[in-house]
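Understanding the architecture of this molecule
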Amino acid sequence: MADALPEELDVVILGTGLQESIIAAACSRIGQRVLHVDRRNYYGGTWASFSFSGLLSWIKECKEHTTDTTEANWKDKILEGEDVIQLGLVDKSIENLEVFCYASTTTEEDVTEVGALENKQSNMDSNTGAANAVMKNQDERNQTQKILSSGDAESPLENKDSSHSKEEVSAEKIESEDKPCSCNIPSSVATEISLDTQEIADGIATIEVETGNVDQSIDASDQQVKKEEKITTYSQIVKNGRKFNIDLTSKFLYSCGSLVNLLIKSNVSRYAEFKNITRILTFQGGKVEQVPCSRADVFASKQLTMVEKRMLMKFLTFCLEYEQHPDEYLDFQDSRFSDYLKTKKLTPNLQHFILHSIAMVSEIALTTEGLKATQHFLQCLGRYGNTPFLFPLYGVGEIPQCFCRCKAVVDSNGHRISCQYFVVNNSYLPEEHAKNVQYRYISRGVLITNSSILKSTSEQISILTVPAVEKGQPSIRIIELCPSSNTCPQGTYLVHLTCPSNGTAKEDLEPVVSTLYAQYSENDADFSDHEVNEKPQVLWALYFNVRDTSAVDRSTYEGLPSNVFVCCGPDVALGFEQSVKQAEDIFHQVCPGEEFCPAAPNPEDIIYDGDGAQPGSSGFGTSAESEAVQAKENTNPESDPTKDGNNEVVEPLDNSEVGRQSQMANSDAEDLKCNNGMEIPKDTE
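In this report, we go over the structure that sits alongside the text. Here the structure is a predicted model, which is why all the values come from computation and not from measurement.

A look at the overall build of the protein
Helices and strands together make up the secondary structure of the protein, namely 15 helices and 30 strands. Relative to its full complement of 685 residues, the protein shows a buried share of 51%. A separation of at least 24 residues holds for 76% of the contacts in the protein among residues at least 6 apart in sequence. Total accessible area on the protein is roughly 32200 Å²; 46% of this is exposed by carbon and sulfur atoms.

In structure tokens form, the structure reads like this:
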């Protein structure tokens, strides 16, 4: 494909992170000639999601700083008077990477990942821990998988391994260990995987939020406890590796946030499905509790007294429209939000709830920042569920890929291409252009555990903010994903920890991990669940620091031409606001006056060449209106399309419904696929 690339383009974009993917989609939507390329063999960069074996390959690459060092003969392609910016060959954005395996490793030597292709060739040394891998066709990376529990709706999704790496692991050797230790990482290549459709559909829970009740109940089909073998060994983790989708960046979407609005406006939301976050937790008094969010939750809560409930509702009502009451907070706008809460005569219990579980800001955040965060939280309540948050099925790595589906991402080498603008991810810039840049870092932790942090009768996606243990330390955000999020297999939970770095990731996160979790011990397997420690047990852990370049101004980089724009990586915030804002800002500099990421045209509105009339019917189907009429006129009971095999009446689409269905490609059709593909409109409350 690279041989057929044009020599002149409008925009060339290097990297497939979220900002780069949004900019590429936005430029292509308005007719710009865009070339989107990436040196890596997976989508997303530091936004990527990996299967377990894919993650092991990424770990090995980071530790060894391996990359393709083949240099193209480009010097003869530089014209007189042109300057050269040679991009870095090694990504140095990941540091202090540590892996620990607490699951039993005393098992059979050869472990094969379920669903891996059979061995066809050997291209790796057997002592490295990974055996024969096979190359897969590049076209398979562009295939999408339609997975919905309803069975008749479509949801195009990429293959299960969101990283879309180019090779398939067929076997891995597990080294025997007698005690929990730092894990020897198999040098496995990343895998490209597609999940069994029925297996995913069966694992997704349909959540019903009942008015006046904090607890969520799941669909009757999921109320049966799945008596599956517990995952307690490293070999079992490897065998189920294709069922993992492990994010390098852990975030939620605010239901009224800029990313959700962009997904709806651009109609990119059709490429993904989302799941409601079912509970918000808090850690207080040495135990984890659920936080009441909505009005119904507050008055149904048994954690609060009646006086506290009234105080909380009064304060939240004020926060919802705090700008209209400046006299209530202007005297405290330079004070900390935590100090401001004390002046409102709120109990310590309520102050803790508001600061850490509703506003979700640090203890040093200013009053206006805390009020704005609380207001945003409240405004997002009820749009798609009982909490303000959504999570994309298969992980955050799906989001950049959704925008990449608006165009192709290609691989090229040794070609001279002229362009008006060049957009690059900061990880590709060499150190000589970042001499004056002061980087911040984010501490990240990923845990595979055997149970939830707060046990429940149903699977829950949870978020928990743990306050700083000591003064000067940051609070730690914990996101716990259940199997129904399609990020981990049954019998496990995937836990993401995130905070600004003070030291190495392990140093920052280990105190909280040791407080809330226990290391798995083989001796616990001999006891019943009631006899085992109440804490969930960690089977496997990963810690690493990642650069936070979100606050780096473009002017800080040295020697960059004016038509080169730099995209940062993920920031430490829970939402995607900063990333979307940067993508929009760069787009308006590249394409001033143009609409940012408009929706694709509705096929029914396209005017074809000639007299402007729509083409006639191809004979393979009829228009939606005539289909509805034919359905109503059909009186043959044996072929009545209004009845299914169970004799249940299915109402045919009337004209208005047909019109609403045709608006799926229109920017006004503001809905997302939530809870197993069910479309929930924007105004659902």
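With respect to the packing of aromatic side chains
Aromatic ring pairs are defined here through the distance separating the ring centres and the angle between the ring planes. Enumeration over the complete set of coordinates arrives at 19 aromatic pairs. Here the aromatic rings of F252 and F389 are separated by 5.7 Å at their centres, their planes lie at 40 degrees, and the arrangement is tilted. Placement of the pair is F252 in the loop between β14 (246-247) and β15 (253-254) and F389 in strand β19 (residues 389-392), with a sequence separation of 137 residues. Across the pair, exposure class does not vary: F252 and F389 are buried alike. Three or more aromatic residues joined by ring pairs form one cluster here, namely F252, Y254, F377, F389 and F391. One residue, R547, lies across the ring of Y439, its end atom 4.1 Å from the ring centre. The ring of F565 has R554 sitting right over it, with the charged end atom 6.0 Å from the ring centre.

Overview of the side chain of D247
Mapped onto the elements of the fold, D247 is located in strand β14. An unpaired buried charge is present at D247: no salt bridge exists, and R444, the closest side chain of opposite charge, is 6.8 Å distant. In this structure the side chain of D247 is engaged in a polar contact, spanning 2.2 Å, whose partner is the side chain of S49. In terms of polar contacts, D247 uses its side chain to reach the backbone amide nitrogen of G397, at 3.4 Å.

Some thoughts on the environment of Q351
Positionally, Q351 belongs in helix α9 (residues 348-358). Given a relative accessible area of 16%, Q351 falls into the buried group. Between the alpha carbons of Q351 and Y340 there is a distance of 9.7 Å; along the sequence they are 11 residues apart. With residues up to four places along the chain from it excluded, the contact list for Q351 reads S338, L341, K342 and L346.

Re the environment of C482
By the secondary structure assignment, C482 is in the loop between β24 (476-481) and β25 (493-500). Between the C-alpha atom of C482 and that of Y493, which follows or precedes it by 11 residues, the distance is 5.2 Å. In contact with C482, not counting residues within four places along its chain, are E459, Q460, I461, T487, C488 and Y493.

Here we look at the nonpolar core
Ranked by internal contacts, the top residues of the largest apolar core, which has 137 residues, are W58, F315, F403 and W540. Broken down by element, the residue count for this core peaks at 8 residues, all from strand β27 (residues 537-548). For F315, the contacting residues outside a window of four places in its chain are F337, Y340, L341, K344, L346, I354 and L371. Ranked by size, the runner-up nonpolar core spans 17 residues in total, among them L14, L35, V564 and V566.

Things to note about helix α13 (residues 577-590)
Given a rise of 1.5 Å per residue, 14 residues ought to cover 20 Å, and the 20 Å separating the end C-alpha atoms of α13 matches this to within 8%. S579, V580, Q582, A583, I586, F587 and V590 are the residues of α13 that are buried. Down the axis of α13, the buried set is contained in an arc of 160 degrees. They therefore lie on one face.

A short note on the pairing of β27
For β27, the tally of buried residues reaches 12 of 12 residues, placing the bulk of the element in the interior. Of the pairings in the sheet, the one linking strand β4 (residues 94-101) to β27 comprises 6 bridges and is antiparallel in character. Across the sheet, the residue bridging to I94 is V546, located in β27. Looking at chain direction, strand β22 (residues 440-449) and β27 are connected through 10 bridges and run antiparallel. Looking across to β27, one finds that R444 is bridged to F544. Taken together, the 2 bridges between strand β26 (residues 518-519) and β27 define a ladder with parallel strand orientation. The partner of Q519 across the bridge, within β27, is V538.

A closer look at the pattern of salt bridges
Across all of its chains, the model carries 14 salt bridges by this definition. As a salt-bridge pair, R40 and D91 come within 3.0 Å of each other at their nearest N and O atoms. On the criterion of sequence distance, the pair formed by R40 in the loop between β2 (34-37) and β3 (49-50) and D91 in the loop between α2 (52-64) and β4 is long-range, its members being 51 residues apart. Across the salt bridge formed by D548 and R440, the nearest N and O atoms sit 3.6 Å from each other. Here the residue D548 occupies a position in strand β27, and R440 occupies one in strand β22, the gap between them amounting to 108 residues. Judged by its relative accessible area of 5%, D548 is buried. Residue R440 is classed as partly exposed on the basis of its relative accessible area of 44%. A network of salt bridges, in which partner residues are shared, links D38, R40 and D91.

Quick word on unusual backbone geometry
Of all residues except glycine, most have a negative phi; of all peptide bonds, most are trans. The phi torsion at Y394 lies on the positive side, around 75 degrees, for a residue other than glycine. For Y394, a relative accessible area of 3% corresponds to the buried category. One non-glycine residue, C597, adopts positive backbone phi at about 50 degrees. With respect to the helices and strands, C597 occurs in the loop between α13 and α14 (624-633). By relative accessible area, C597 is classed as buried at 1%.

Considerations on the side chain of S485
Structurally, S485 is set in the loop between β24 and β25. Setting aside its immediate chain neighbours within four residues, S485 contacts K275, F391, L393, Y394 and I461.

Parameters at a glance
Residues numbered from 1 in each chain as written. Predicted model: local features only at pLDDT ≥ 70, side-chain atom pairs only at ≥ 80, totals over all residues. Heavy atoms only, no water. Helix = DSSP H or I, 4+ residues; strand = E, 2+ residues; numbered from the N terminus. Buried < 20%, exposed > 50% of the residue type's maximum accessible area, 1.4 Å probe, protein only. Contact = heavy atoms within 4.5 Å. Areas by Shrake-Rupley, 256 points an atom, 1.4 Å probe, with all protein chains shown as cover. Phe/Tyr/Trp six-rings, centres within 6.5 Å; stacked < 30°, edge-to-face > 60°. Lys NZ or Arg CZ within 6 Å of the ring centre and 35° of its normal. Lys, Arg positive; Asp, Glu negative; His and termini not counted. Salt bridge = Lys/Arg side-chain N within 4 Å of Asp/Glu carboxyl O. Polar contact = N/O pair within 3.5 Å; in protein donor to acceptor, adjacent residues only side chain to side chain. Core = buried A, V, L, I, M, F, W, Y, C linked by side-chain atoms within 4.5 Å. Expected span 1.5 Å × (residues − 1). Arc of directions from axis to C-beta. Pairing = 2+ DSSP bridges.

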